[in-house]
Amino acid sequence: MNTHFDTKNSQKQHQTVFVMMSGGVDSSVAAALLKKQEMDVRGIHIKMWSDPAIPCAFKEDRLEAARAAAHLDIPFETWDFTKEYKDAVVEYMIAEYRAGRTPNPDVMCNREIKFGIFFKKALERGADYIATGHYVRLTTKFEILNLESHKIPNSKFQLLVARDLNKDQSYFLWTLTQKQLKHCLFPIGEYTKPEVRQLARLFE
């Protein structure tokens, strides 16, 4: 595995990125990789569930995320989106089941919460980018548009499957728009899960 990180030539040096830190290894390594690129990294844990009748490891997950952020020496916050999650994801699931359809809560959570209200709030708070621990790759496709006899260079962002096909999560991000992708980073998309675990040990 290539563990060399180019921090001198990164065009994103010193720009601000808000990283969604779940408390797991993937998002923690994503934050560490971005800090290696000399970005101004802020760790954000999202609270999305609050029902005493259903077990949830929110407190434990938040503690792990906070520990990772402290180890990386980056600011850390918790944003409470429990109401928004209930309205946009839980109610959607219930409605779909009642209609006899199979819901996809991951797609809805990404669209409405992670790349919806979180995305909007992060940019309002000064983020140049948001980042997650999704296994997906992001690339830019350059093309020439012919408009009224004028050739205009144009670029589009494209989501690609992750290098680790067993962990690929590109399907769950199909709703993302060009305006959103412009401000997104997916640092672990070029790594396999075993490589991410190895990086986690290196960053300890």
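Overview of the structure. (Residues numbered from 1 in each chain as written. Predicted model: local features only at pLDDT ≥ 70, side-chain atom pairs only at ≥ 80, totals over all residues. Heavy atoms only, no water.)

Some words on helix 3 (residues 82-98)
- Taking 1.5 Å of rise per residue, 17 residues should cover 24 Å, and helix 3 covers 22 Å from first to last C-alpha, within 8% of that figure.
- Along helix 3, the sharpest kink reaches roughly 25°, centred on Val90.
- If you follow the buried residues of helix 3, they end up packed against strand 2 (40-47), strand 3 (76-80) and helix 4 (105-124).
- Positive backbone phi, at 80°, marks Gly100, one or two positions downstream of helix 3. (Helix = DSSP H or I, 4+ residues; strand = E, 2+ residues; numbered from the N terminus. Expected span 1.5 Å × (residues − 1). Bend = angle between axes of the 7 residues up to and from the residue. Contact = heavy atoms within 4.5 Å.)

Quick word on the side chain of Ser27
- By the secondary structure assignment, Ser27 is in helix 1 (residues 25-36).
- The contact partners of Ser27, leaving out residues within four places of it in the chain, are Val19, Met20, Met21, Ser22 and Gly133.

Quick notes on the sheet that holds strand 1 (residues 16-20)
- Here five strands make up an open sheet; going across it, the order is 3-2-1-4-7 and the pairing parallel. A single partner strand is all that each edge strand has here, and the edge strands are strand 3 and strand 7 (184-185).
- Pairing of strand 2 with strand 3 involves five bridges; the strand directions are parallel. Its bridge partner being in strand 3, Ile46 is matched across the sheet by Trp79.
- Against the sheet, helix 1 engages strand 1, strand 2, strand 4 (129-131) and strand 7, with an angle of about 165° to strand 1. (Pairing = 2+ DSSP bridges. Axes fitted to C-alpha atoms, helices over the stretch in contact; angles between N-to-C directions.)

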